[in-house]
Amino acid sequence: MLDPFACFGSIPLEAMRLGLSVTACDLLPVGYVFLKAVLEYPAKYGKRLVDDVERWGDWVTQRLREDPLIKELYDEDVAVYIGSWEVKCPSCNRWTPLVGNWWLARVKGKEGYERLAWMEPKIVGERVEIEVVDLNRMLGSKLLKEAEVRGTTVIVAGRQFRVPESNIEARRETAICLLCHQPIMHIDPQTGKHYIETKILPKEVKERLKSYVKIYLKTLQ
């Protein structure tokens, strides 16, 4: 099987599981590294690779736990961190995260939903904090099997829960500030001015406009 655009290798991996001879490649550097890790090295080294990854992974984790700078950034009782980009809102001048998906778990089994959890933004002073809503803990796994999920609305035993909508639209390269709820849209790179409405602008200004989010994230890299 040949996959010339294999990216992270999910299709070639399934082909290898079926016993096929596989050739996979990708121009994306990150994809190339993934193909090495997912396809080539496991096939070449087998169980020895699993043992080595576990041993050295534990070693790296332990060294990180002993690092004084790392200790200041991470809590001991947290299992997973979810990262997101954030930009400084041009309207209120505060930092707002850009979250494309607030769901943490939406697992459905044969008898109904088995796991439902999501994040919700909470404004604390000048910051956006994140609160986890876990319906398994709130209502119990048995009651959760009766849940209905309609887009961003979850209905369980007559109760309605609202999952936050994404505040970033990647295709249009626009966003919404989670603190002041104002749209974040276009910037004139020449003047640094932010625009929400562009219909009445002169043609020469319109032609210069760029996505504020895209320009801002480039300055952070």
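Residues numbered from 1 in each chain as written. Predicted model: local features only at pLDDT ≥ 70, side-chain atom pairs only at ≥ 80, totals over all residues. Heavy atoms only, no water.

A. The arrangement of the side chain of glutamate 120 in detail. With respect to the helices and strands, glutamate 120 occurs in strand 6 (residues 112-124). Overall, glutamate 120 belongs to the buried group, its relative accessible area being 18%. Among the polar contacts listed, one links the side chain of glutamate 120 to the side chain of tryptophan 118, at a separation of 3.2 Å. Discounting residues that sit within four places of it in the chain, glutamate 120 has contacts with Trp102, Glu129, Ile130, Glu131, Val133, Arg162 and Pro164. (Helix = DSSP H or I, 4+ residues; strand = E, 2+ residues; numbered from the N terminus. Buried < 20%, exposed > 50% of the residue type's maximum accessible area, 1.4 Å probe, protein only. Polar contact = N/O pair within 3.5 Å; in protein donor to acceptor, adjacent residues only side chain to side chain. Contact = heavy atoms within 4.5 Å.)

B. Inspection of the packing of helix 2 (residues 29-45) against helix 3 (residues 47-66) at higher detail. Put simply, helix 2 and helix 3 touch, their axes get as near as 6 Å, and they point 110° apart. Relative to helix 3, the element helix 2 lies roughly perpendicular. Across from Tyr41, Pro42 and Tyr45 in helix 2, the residues of helix 3 making contact are Lys47, Arg48 and Leu49. Here the contact of helix 2 with helix 3 is composed, by residue class, of 4 nonpolar, no polar and 2 charged. (Axes fitted to C-alpha atoms, helices over the stretch in contact; angles between N-to-C directions. Parallel < 35°, antiparallel > 145°, perpendicular 65-115°, else oblique. Nonpolar A, V, L, I, M, F, W, Y, C, P; charged D, E, K, R; others polar.)

C. Structural detail: the sheet that holds strand 14 (residues 186-188). Strand order in the open sheet made by the 3 strands is 15-14-16, with antiparallel pairing throughout. Bordering the open sheet on either side are strand 15 (193-195) and strand 16 (210-211), each of which pairs with just one other strand. Where strand 14 meets strand 15, 3 bridges bridge the pair, whose relative direction is antiparallel. Its bridge partner lying in strand 15, aspartate 188 is registered against lysine 193. (Pairing = 2+ DSSP bridges.)

D. Spatial organisation of the sheet that holds strand 12 (residues 174-176). Judged by pairing direction, the sheet is antiparallel, and its 3 strands sit side by side in the order 11-12-13 without closing on themselves. Among the strands making up the open sheet, the edge pair consists of strand 11 (168-169) and strand 13 (183-184). Bridge count for strand 11 against strand 12 is 2 bridges, and the pairing is antiparallel. Paired with glutamate 169 across the two strands is threonine 174, which belongs to strand 12.

E. Seen up close, the layout of surface pockets. Counted as a void, the largest pocket has a volume near 1000 Å³. Together, 25 residues line the largest pocket, and Tyr81, Ile82, Gly83, Met119 and Ile130 are the ones closest to its centre. If you list the elements that add at least two residues to the lining of the largest pocket, you get helix 4 (68-73), strand 4 (95-98) and strand 7 (127-134). Tallying contributions element by element places strand 7 first for the lining of the largest pocket, with 5 residues. Taken together, the residues of the lining of the largest pocket sort by class into 16 nonpolar, 3 polar and 6 charged. Empty space within the second largest pocket amounts to approximately 350 Å³. If you trace the second largest pocket, you find it lined by Thr61, Leu64, Arg65, Ile70, Lys71, Tyr74, Asp75, Glu76, Val78 and Tyr81. Looking at the lining of the second largest pocket, the elements that each hand over two or more residues are helix 3 and helix 4. A total of 3 residues in the lining of the second largest pocket trace back to one element, the largest contributor, which is helix 3. (1 Å grid on protein atoms, 1.4 Å probe; cavity = no way out; pocket = protein on both sides within 12 Å on 5 of 7 lines; lining within 4 Å. Points joined across faces, edges and corners; volume = space filled by probe spheres on them.)

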